[in-house]
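Each chain, letter by letter, is given below.
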Amino acid sequence: MAKILVTGGLGFIGSHTVVELINAGHEAVIVDDLSNATMQALSGIEKITGKCPEFVRVDLKNKKEVQNFFSSHSDLDGIIHFAAFKAVGESVYKPLEYYENNLGSLVYILQEMRDLSLDNFIFSSSCTVYGQADELPITENSPVKSALSPYGNTKQVGEEIIKDAIEAHGFNAISLRYFNPIGAHPSAEIGESPLGVPLNLVPFVTQTAAGVRQQLSVFGNDYETRDGTNERDYIHVVDVAKAHVIAVERLLKRKNLTNYEFFNLGTGTGSTVLEVIQSFERVSGESLNYKIVERRRGDVTAAFADTTKANAELAWKTEKTLDDAMTDAWRWEKKIRNI
Ligand code: UD1
């Protein structure tokens, strides 16, 4: 059993990862500033696992708070760092807040790791580092392209900061580059709760079906894909969470081949926006009100993962389908809307 810090542990991917850590017999300590999460996630975790992990409210962009937290938690075996702002569009209007939050917190945590001789760091990265890749599916060797948004840049620069820190201080780390995590826990005790109008496709789909939104806008159907709509690699959040447990255990057992590794987390299969809608309609029995509108600025035509490296080296592969994810997302939406 290991003691693992999960920053952003009440957020969407963080809360699911805490559940999988506990299921695997580990102890999770959650840090969150509740800027985009609620305490309900903690009770959801407890309902699913029967255990209530330690929770500490910390603003990770406040160096003093980070130091205080670590001074009473110097016995951590590993750190999974999710805490970050993640709205691509918002980052364009608030770049300095994004750099302060996403990079400030990272630097402060790495400084504490150095000072307390802690090790084993998992970084929440994104397929956004590849931009519009020249070749599909996207392998970990695809070049990192210049970022399309400040949010994307925080993931690229974050990976660079970790690389430099490793060279100077000898940590072991893994960056997990997620494609499009969706869905919810099958128990419907935890899920995605975007504040305000959702920017991501799946919460917009489920909110539209729930009557919270009137109509889904599909951003463009004139792309060079099989039906003209964008193609993405949608991966169930529980599969993403399980990969984090495997990655941190890999570091704990020193199975890593180099002290900084990168893995894509995707299913290996792309689905178009219309295929996501069809999947939703199939599993829910609802008919979705949507219309085709103009392209959204900054969208790449297609992005899906080559999962060979993660499958082989992590001995991990996705277990859940797009239909499973849409079923769970809909179950969660109905629960939080009392439908
Ligand atoms: C983006 C980022 C990704 C980031 C994620 C988190 C890029 C290239 N990708 O993913 O790195 O981690 O956001 O927020 O920056 N769509 C609609 N109607 C909607 C919403 C979305 O048609 O109302 C379409 C989009 O055009 C896109 C697909 O659905 O084709 C998925 O969009 P979204 O869920 O926002 O994710 P990405 O843009 O792929």
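Calculation rules
Along each chain, residues carry numbers from 1 onward, in the same order as the chain's sequence is written. Under the rules for a predicted model, residues below a pLDDT of 70 receive no local features and side-chain atom pairs below 80 are neither given nor counted, while totals for whole chains, interfaces and linings still include all residues. Calculation of side-chain values draws on the structure's entire complement of heavy atoms; hydrogens and water are dropped beforehand. Two strands are counted as paired when DSSP detects at least two bridges linking them. Numbering of helices and strands runs from the N terminus, with a helix taken as a DSSP run of H or I at least four residues long and a strand as a DSSP run of E at least two residues long. If a single non-hydrogen atom of a residue is within 4 Å of a molecule or strand, that residue counts as near it. Here a polar contact means two N or O atoms within 3.5 Å. Within protein one must be a hydrogen donor candidate and the other an acceptor candidate, and residues neighboring in sequence count only if both atoms are side-chain atoms. The method behind every accessible area is Shrake-Rupley, applied with a 1.4 Å probe, and residues are considered shielded solely by the protein chains displayed. Each axis is a line fitted through C-alpha atoms, and for a helix only the stretch in contact is used; angles between axes span 0 to 180 degrees, taken between their N-to-C directions. Here is the rule: rings of Phe, Tyr and Trp (six-membered ring for Trp) pair when centre to centre is within 6.5 Å. Planes less than 30 degrees apart are stacked, more than 60 are edge-to-face, and the remainder are tilted. We call a residue buried when its accessible area falls under 20% of the maximum for its residue type, exposed when it is over 50%, and partly exposed in between, using a 1.4 Å probe and counting protein chains only. Only when the NZ atom of a Lys or the CZ atom of an Arg is both within 6 Å of the ring centre and within 35 degrees of the ring normal do we say a charge sits over the ring. Whenever Lys or Arg places a side-chain nitrogen within 4 Å of a carboxyl oxygen from Asp or Glu, that contact is recorded as a salt bridge. What counts as a domain boundary in this text is fixed by an automatic or database domain assignment. The buried area of a pairing is the accessible area, by a 1.4 Å probe, that goes missing from both parts when the two are put together, added over both.

Observations concerning the sheet that holds strand 14 (residues 302-303)
Through backbone hydrogen bonds, the strands of a sheet pair up, either in parallel or in antiparallel fashion.
In step 1: Judged by pairing direction, the sheet is mixed, and its three strands sit side by side in the order 12-9-14 without closing on themselves. Lying at the two open borders of the sheet, with one neighbouring strand each, are strand 12 (271-272) and strand 14.
In step 2: Sheet topology note: the strand 9 (residues 231-232)/strand 12 ladder contains two bridges and is antiparallel. By the bridge assignment for strand 12, R232 is matched with S271.

Things to note about the site of the ligand
In step 1: S126, S217, N230, R232 and D299 are the nearest of the 19 residues found near the ligand.
In step 2: Within the side chain of T128, a nitrogen or oxygen atom sits 3.3 Å from an oxygen atom of the ligand.
In step 3: At 3.0 Å, a backbone N or O of F219 approaches an oxygen atom of the ligand.
In step 4: Computed on the free molecule, the ligand has an accessible area of 740 Å², of which 89% lies beneath the protein chains in the complex.
In step 5: Among the elements that take part in the shell around the ligand, strand 8 (residues 216-219) stands out by supplying four residues, more than any other.

Comments concerning the sheet that holds strand 11 (residues 260-265)
In step 1: Sheet architecture is open: seven strands sit in the order 3-2-1-4-5-6-11, paired in parallel fashion. Both outer strands of the open sheet, strand 3 (54-57) and strand 11, are each paired with one neighbouring strand and no more. Direction aside, the axes of adjacent strands within the sheet are offset by 20 degrees on average.
In step 2: In terms of strand pairing, strand 4 (residues 78-81) meets strand 5 (residues 121-126) through three bridges, oriented parallel. From the neighbouring strand, I80 faces strand 5, where its bridge partner is I122.

Quick look at the packing of aromatic side chains
In step 1: Applying the stated criterion across every chain yields a total of four aromatic pairs.
In step 2: Both rings, one in F69 and one in F70, keep their centres 5.3 Å apart while their planes meet at 85 degrees; by these two values the pair is edge-to-face.
In step 3: The exposure class assigned to F70 is buried, which follows from its relative accessible area of 1%.
In step 4: Stacked on the ring of F263, the Lys or Arg K309 has its end atom at 4.7 Å from the ring centre.

Notes on unusual backbone geometry
Outside of glycine, negative phi angles account for most residues, and trans bonds account for most peptide bonds.
In step 1: The omega angle of the peptide bond from L136 to P137 is -5 degrees, so this bond is cis rather than trans.
In step 2: Despite not being glycine, L34 shows a phi value in the positive range, around 60 degrees.
In step 3: Among the structural elements, L34 can be located in the loop between strand 2 (27-32) and helix 2 (40-49).
In step 4: Taking the relative accessible area as the measure of exposure, L34 reaches 19% and is therefore buried.
In step 5: Positive phi is not limited to glycine here, since N120 has a value of about 75 degrees.
In step 6: The class for N120 is buried, based on a relative accessible area of 6%.

Some details on the pattern of salt bridges
Think of it this way: side chains of opposite charge can pair up when their charged atoms draw near.
In step 1: Counted according to the given criterion, the structure contains 20 salt bridges.
In step 2: Here R114 and D115 are joined by a salt bridge, their closest N and O atoms 2.8 Å apart.
In step 3: With a relative accessible area of 51%, D115 lands in the exposed category.
In step 4: The shortest N-O distance in the salt bridge between E231 and R226 comes to 3.1 Å.

Re the domain arrangement of the protein chain
Often the size quoted for an interface is simply the accessible area lost on bringing the parts together.
In step 1: Per the domain assignment, the segments of the protein chain are domain 1 (3-183 + 234-265) and domain 2 (201-231 + 268-336).
In step 2: One C-alpha centre belongs to domain 1, the other to domain 2, and the line joining them spans 24 Å.
In step 3: Interface of domain 1 and domain 2: buried area, both sides summed, is about 2,500 Å²; carbon and sulfur atoms make up 67% of it.
In step 4: Three residues, Y234, H236 and D239, lead the burial of domain 1 against domain 2; their summed loss comes to 25% of the area buried on that side.
In step 5: Summed over the shared surface of domain 1 and domain 2, the number is two salt bridges.

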